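Secondary and tertiary structure notes
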Amino acid sequence: GLNVSAPTPAGPLRVDGPRLLQGLSDLARIGADPRGGITRPSFSPADREAVRWLRDWATEGGLHTEVDPAGNLLVRRPGRRHRLPVALMGSHLDTVHNAGHLDGAYGVLAAVETVRVLSAASAECRYEPVAVAFANEEGALFPQPFWGSRALMGETGDMSVDPVDNEGRSLREPLSLIGGDLDRVAEAAWHPADIVAYLELHIEQGPVLEQAGSRIGVVDAIVGRIVFDIELVGAAGHAGTTPMRGRKDPLAAAAQITLAVRETATRRRLCQRATVGRLEVSPNSTNVIPGTVRMTAEFRDGDADRLELLEKLLHREIPAIAEELGVHAVVQTSTRVRARVTDERLRAAVAEAADALGLNHMTVSSGAGHDAQIMAAQVPTGMIFVPSCHGLSHVPEEHTKDEDLVAGADVLLQTAANLAL
Ligand code: GLV
Ligand code: MN
Ligand code: MN
Ligand code: MN
């Protein structure tokens, strides 16, 4: 079982703050988007460069790196040693479009830094500290979010057809370019029993810690999420000559559906959050009635049963809304991730580490999704949050104070040290 010892008598270990901050700012240049922020979706050329950059950064620190068949980058202490159960730490390097530089990257770099400090501190570890940069957490280009953590947990599902990106291109080649192998993805799976703990450090991405004046968030739960892929098929036509009566306008249907989606989380209170974030209009031309629209709708809630009910309801309601406008709707659930709670002992371990470092902490829950919720299904999982300025994330303005970034990394290190040393 999980063995959490008291903090080392010599006082807490510390990360190299300047090295961590410099790493974050170097990495932020990769995928910098001229329209603002960072656009580094998984399996894009920018993501490939980020993976290469991280390999170099870890190698410079004397660590051993390896990319698994799913495209996850694993970072360990060097040398062949007796196989120990693993204390796994990490997050993701990929981003949404025009993203900030901390969502994901922060947790990965802090995890690598933690392995580096532990490696220097002691050869003797009860658990092997391993850092991971999970592939494709966001699903921004290839709409298979949590791809890497799912593969690690043996959850890749039906692989009889290649996963494809938003334009229908296969994952096969982009995955092989970073060192993965689609035919061997099943081999990326670990035995959950080999992982004593998974720890993920992340920016909060919401306003709770900042408003409370708390330095550290001990995450108790992560919301569940379902994503629908909706295809609306109508009839394209001339905008000037086609009478209004009898039109089959899929964009008008998309508008109605967008408002209905919003209402599930407002007036109807069927879930906590509901968002339409992606719309693809074809042919997308001023004087042409659209022929087809593809859109996504995503829903979040802390209660798995509520989300399941909502999913069933909307599979009936959305086609009905479209039908009223003569439009045919095909609705598919493309992502379904359950809400999860973190491990009680790891919550206590994180709080204890924060106490040892003199950092005030509070319990928070996560409205954003994380690889941690995939891991939590099978492995004791803990999550550490640091404050986000103005609660902003998934936008270029995403920011956390340097001292908070370093403090969070110290908490990760201290928690890992209490496990491993
Ligand atoms: C992950 O970033 C999410 O969308 O919550
Ligand atoms: Mn994100
Ligand atoms: Mn993230
Ligand atoms: Mn306390």
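What counts and what doesn't
- Residues numbered from 1 in each chain as written.
- Chains lettered and ligands numbered in written order.
- Predicted model: local features only at pLDDT ≥ 70, side-chain atom pairs only at ≥ 80, totals over all residues.
- Helix = DSSP H or I, 4+ residues; strand = E, 2+ residues; numbered from the N terminus.
- Rg over C-alpha atoms; globule rule 2.2 N^0.38 Å.
- Buried ≥ 20, exposed ≤ 12 C-beta atoms within 10 Å, placed from the backbone.
- Contact = placed C-beta atoms within 7 Å.
- Domains from an automatic or database assignment.
- Core = buried A, V, L, I, M, F, W, Y, C linked by C-beta atoms within 7 Å.
- pLDDT = per-residue confidence, 0-100.
- Pairing = 2+ DSSP bridges.
- Right-handed = clockwise from strand over helix to strand, strands pointing away.
- Axes fitted to C-alpha atoms, helices over the stretch in contact; angles between N-to-C directions.
- Parallel < 35°, antiparallel > 145°, perpendicular 65-115°, else oblique.
- Left-handed = near helix turned anticlockwise from the far one by under 90°.
- Nonpolar A, V, L, I, M, F, W, Y, C, P; charged D, E, K, R; others polar.
- Expected span 1.5 Å × (residues − 1).
- Arc of directions from axis to C-beta.

If you check an unreviewed UniProt entry, the chain appears there as Zn-dependent hydrolase from Streptomyces polyasparticus.

Looking only at helices and strands, one finds 11 helices and 16 strands in the chain. Against the compact-globule benchmark of 22 Å for 421 residues, the chain has a radius of gyration of 23 Å, which places it among compact chains. The buried share of the chain, taken over its 421 residues, is 48%. Here the analysis covers contacts within the chain between residues at least 6 apart in sequence; of these, 77% occur between residues at least 24 apart.

On to the domain arrangement of the chain, then. Domain boundaries assigned for the chain yield domain 1 (17–222 + 339–420) and domain 2 (224–337). Between the C-alpha centres of domain 1 and domain 2 there is a distance of 32 Å. Of the residues lining the interface, nine residues belong to domain 1; the matching set on domain 2 comes to 11 residues.

Ala87, Leu412 and Ala416 are the most contacted members of the largest nonpolar core, which totals 95 residues. Considering each element in turn, this core owes the most residues, 11 residues, to helix H11 (residues 402–420).

In the predicted model, the chain carries a mean pLDDT of 96, and the fraction of residues at 70 or more is 97%. As a predicted assembly, this complex carries a pTM of 0.93 together with an ipTM value of 0.90.

Okay, the pairing of strand E3 (residues 86–92) next. By the criterion of burial, E3 is predominantly enclosed, with seven of the seven residues buried. Residues Val86, Leu88, Gly90 and His92 of E3 are buried on one face, and the alternating residues Ala87, Met89 and Ser91, pointing to the opposite face, are buried as well. The pairing of E3 with strand E4 (residues 128–134) spans seven bridges and is parallel. Directly across from Leu88, in E4, lies its bridge partner Val130. Handedness of the crossover joining E3 and E4 through helix H3 (residues 105–121): right-handed. Sheet topology places E3 next to strand E5 (residues 195–203); four bridges connect them, and they run parallel. Note on E5: the bridge partner recorded for Ala87 is Ala197.

Look at helix H7 (residues 250–265) against helix H8 (residues 304–324): their axes get within 10 Å of each other, and the N-to-C directions meet at 150°. As summarised for this structure, H7 and H8 are arranged roughly antiparallel, according to the angle between their axes. Seen from above, H7 lies across H8 with right-handed handedness. Where H7 abuts H8, its residues Ala253, Gln256, Ile257, Ala260 and Thr264 lie against Leu310, Glu317, Ile318, Ile321 and Ala322. Residue composition of the contact of H7 with H8, by class: seven nonpolar, two polar and one charged.

Moving on, we come to helix H9 (residues 344–356). In this model H9 runs 18 Å from its N-terminal to its C-terminal C-alpha over 13 residues, within 8% of the 18 Å that 1.5 Å per residue would give. Those residues of H9 that fall on the buried side of the exposure criterion are Leu346, Ala349, Val350, Ala353 and Ala354. Looking straight down H9, one finds that the buried residues subtend no more than 135° of arc, so they occupy a single side. Residues of H9 that are buried in the fold lie against E5, strand E6 (216–222), strand E15 (361–366), strand E16 (381–386) and H11. One or two residues past the end of H9 sits Gly358, with phi positive at roughly 70°.

With an omega dihedral of 5°, the bond running from Ser282 to Pro283 counts as a cis peptide bond. On the secondary structure map, Pro283 appears in the loop between strand E10 (279–282) and strand E11 (288–289). Despite not being glycine, Asn136 has its phi angle at roughly 45°, a positive value. Relative to the elements of secondary structure, Asn136 occurs in the loop between E4 and helix H4 (147–152). On the basis of neighbour counts, which here come to 31 C-beta atoms within 10 Å, the residue Asn136 falls in the buried class.

We now examine H3. Its 17 residues place the ends of H3 24 Å apart at the C-alpha level, agreeing with the 24 Å of an ideal helix rising 1.5 Å per residue. Counting buried positions over the 17 residues of H3 gives 14, a clear majority of the element.

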